[in-house]
Amino acid sequence: QVQFVESGGGLVQPGGSLRLSCAVSGSIFSIYAMGWYRQAPGKQRELVATITGGGVTTSAGSVKGRFTISRDSAKNTVFLQMNSLKPEDTGVYYCNVAFAVPFAWGQGTQVTVSS
């Protein structure tokens, strides 16, 4: 059974940083590219960043240069380093596979950027 457990969110001031983690269970980590997604209040879930098994990354224009995705294959964990946070980065952050039909979503981790 595939499960995603996200952690690391919290309340941070504009300009601050957070590092999100996603523990992935199930034998998919070596097969799929992984992605971080976010859902802001009242908006649809959007893809924020992706990383392939070979380490090739992409990021949405709104976070480019501020967010960095990485993965630790030995620990089946995906990370999202978020710097220079803005209020518009507020939302629930999820991880799931990328470039494929997503598996069941985890609970996500709340990120709130506010002064």
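Quick caveat, the model's predicted, so the values are computed rather than measured. Each chain has its residues counted from 1, following the order in which its sequence is written. Local features in this predicted model are restricted to residues of pLDDT 70 or higher, and side-chain atom pairs are both shown and tallied only at a pLDDT of 80 or more, whereas totals for entire chains, interfaces and linings draw on every residue. Where side-chain values are given, they derive from all heavy atoms of the structure, hydrogens and water being excluded.

1. Here we look at the pattern of salt bridges
Working step 1: Salt-bridge detection follows one rule: a side-chain nitrogen of Lys or Arg within 4 Å of a carboxyl oxygen of Asp or Glu. Summed over all chains, the structure comprises three salt bridges.
Working step 2: When the shortest N-O distance is used, the salt bridge between E46 and R38 registers 2.7 Å.
Working step 3: Three labels apply to residues, based on accessible area from a 1.4 Å probe with only protein chains included: buried if under 20% of the type maximum, exposed if over 50%, partly exposed otherwise in between. You can call R38 buried: its relative accessible area is 7%.
Working step 4: In this structure, R66 and D89 form a salt bridge, with 2.8 Å as the shortest nitrogen-oxygen distance. Here R66, found in the loop between β6 (57-59) and β7 (67-72), pairs with D89, found in the loop between β8 (77-82) and β9 (91-98); they are 23 residues apart in sequence, far enough to count as distant. We count a stretch as a helix when DSSP gives it H or I for four or more residues in a row; a strand needs E for two or more, and each element gets its number in order from the N terminus.

2. Remarks on the sheet that holds β8
Working step 1: Only strands joined by at least two bridges in the DSSP assignment are considered to pair. The strand order across the open sheet formed by four strands is β1-β3-β8-β7, and the pairing between neighbours is antiparallel. For this open sheet the edge positions go to β1 (3-7) and β7, each flanked by a neighbour on one side alone. Pairs of neighbouring strands in the sheet enclose a mean axial angle of 15°, with direction left out of account.
Working step 2: As paired strands, β7 and β8 are joined by six bridges and run antiparallel to one another. When the sheet's bridge partners are listed, D72 is paired in β8 with T77. Helix axes use the C-alpha atoms of the stretch in contact, all axes being lines fitted to C-alpha atoms, and the angles between their N-to-C directions lie in the range 0 to 180 degrees.

3. Regarding unusual backbone geometry
Working step 1: Although it is not a glycine, N76 adopts a positive phi angle of roughly 50°.
Working step 2: Its place among the elements puts N76 in the loop between β7 and β8.
Working step 3: Of note in the backbone geometry, S84 takes a positive phi value of approximately 50° without being a glycine.
Working step 4: Assessed through its relative accessible area of 41%, S84 is described here as partly exposed.

4. What about the pairing of β1?
Working step 1: Taking every second residue as pointing to the same face, the buried face of β1 carries F4 and E6, while none of Q3, V5 and S7 on the other face is buried.
Working step 2: Two strands pair when backbone bridges link them, and β1 and strand β3 (residues 18-25) are joined in this way by five bridges, in the antiparallel orientation. For S7, the partnering residue across the bridge sits in β3 and is S21.

5. Some remarks on the nonpolar core
Working step 1: Ranked by internal contacts, the top residues of the largest apolar core, which has 26 residues, are W36, L80 and M82.
Working step 2: For this core, the elements supplying multiple residues, two or more each, are β3, β4 (33-39), β5 (46-51), β7, β8, β9 and β10 (109-113).
Working step 3: Sort the elements by how many residues they give to this core and β3 lands first, with four residues.
Working step 4: Should any heavy atoms of two residues lie within 4.5 Å, those residues are counted as being in contact. For L80, the contacting residues outside a window of four places in its chain are L18, R19, L20, W36, A49, F67, T68, I69 and Y93. Definition used in this section: a nonpolar core is a set of buried Ala, Val, Leu, Ile, Met, Phe, Trp, Tyr and Cys residues joined via side-chain atoms within 4.5 Å.

6. Remarks on the sheet that holds β4
Working step 1: Ordered in space as β2-β10-β9-β4-β5-β6, the six strands form an open sheet in which the pairing is mixed. Among the strands making up the open sheet, the edge pair consists of β2 (10-12) and β6. Taking the axes of each pair of neighbouring strands and ignoring which way they run, one obtains an average angle of 25° across the sheet.
Working step 2: Where β5 lies against β6, three bridges are found, and the strand directions are antiparallel. When the sheet's bridge partners are listed, A49 is paired in β6 with S59.

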